[in-house]
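# Understanding the architecture of this molecule
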Amino acid sequence: QLQLVASGGGLVQPGGSLRLSCISSGFTLDYYAIFWFRQAPGKEREGVACIESRGDNIDYVDSVRGRFTISRDNAKNRVDLQMDDLKPEDTTVYYCSYRNYWGQGIQVTVSS
């Protein structure tokens, strides 16, 4: 079955850290950019981070720059999103995306 399997997330206090991961099943993650998005209920989907195929071109939305780190391991068909110094406004559902494949949403909740 061709799919992206996401993991991680959960509940963390403000200032804490979480790590999201996404692993492909049935296909390789090597040629194209990988994205992390997030979408809160009633709001538009927001691009959070992206990483090009060789990992040499990375970009972040301004609100997470300096706090989040995206990385990929093509040999393991895996992409991670390390999220540090989390804020309540980071609370929402996160998705990984590769071409037309989407991982299942992962809930991230930042609350004291």
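Cut-offs and rules
- Residues numbered from 1 in each chain as written.
- Predicted model: local features only at pLDDT ≥ 70, side-chain atom pairs only at ≥ 80, totals over all residues.
- Heavy atoms only, no water.
- Helix = DSSP H or I, 4+ residues; strand = E, 2+ residues; numbered from the N terminus.
- Rg over C-alpha atoms; globule rule 2.2 N^0.38 Å.
- Buried < 20%, exposed > 50% of the residue type's maximum accessible area, 1.4 Å probe, protein only.
- Contact = heavy atoms within 4.5 Å.
- Areas by Shrake-Rupley, 256 points an atom, 1.4 Å probe, with all protein chains shown as cover.
- Lys, Arg positive; Asp, Glu negative; His and termini not counted.
- Charge placed at Lys NZ, Arg CZ, Asp CG, Glu CD.
- Phe/Tyr/Trp six-rings, centres within 6.5 Å; stacked < 30°, edge-to-face > 60°.
- Lys NZ or Arg CZ within 6 Å of the ring centre and 35° of its normal.

## Observations concerning the overall build of the chain
- What the chain contains, in helices and strands, is zero helices and eleven strands.
- Of the regular secondary structure in the chain, the N- to C-terminal order runs β-β-β-β-β-β-β-β-β-β-β.
- Against the compact-globule benchmark of 13 Å for 112 residues, the chain has a radius of gyration of 13 Å, which places it among compact chains.
- Its C-alpha atoms give the chain principal-axis dimensions of about 40 × 30 × 25 Å.
- A total of 112 residues make up the chain; the buried ones form 40% of that total.
- A separation threshold of at least 6 residues defines the contact pool for the chain, and within that pool the share at least 24 residues apart is 52%.
- Working note: accessible area of the chain is about 6200 Å², and carbon and sulfur atoms make up 46% of it.
- Side chains of the chain give 12 positive and 13 negative charges; the mean places of these two sets differ by 3 Å.

## Topic: the packing of aromatic side chains
- On inspection of all chains with the given rule, the structure shows seven aromatic pairs.
- A centroid spacing of 6.1 Å and a plane angle of 65 degrees characterise the contact between Tyr32 and Tyr98, whose relative ring orientation is edge-to-face. You can see Tyr32 sitting in the loop between β3 (18–25) and β4 (34–39) and its partner Tyr98 sitting in strand β9 (residues 92–98), a full 66 residues away along the chain.
- An aromatic cluster of three or more residues is present, and its members are Phe27, Tyr31, Tyr32, Tyr98 and Tyr101.
- Between the NZ or CZ atom of Arg45 and the centre of the ring of Trp102, over which it lies, the distance is 4.4 Å.

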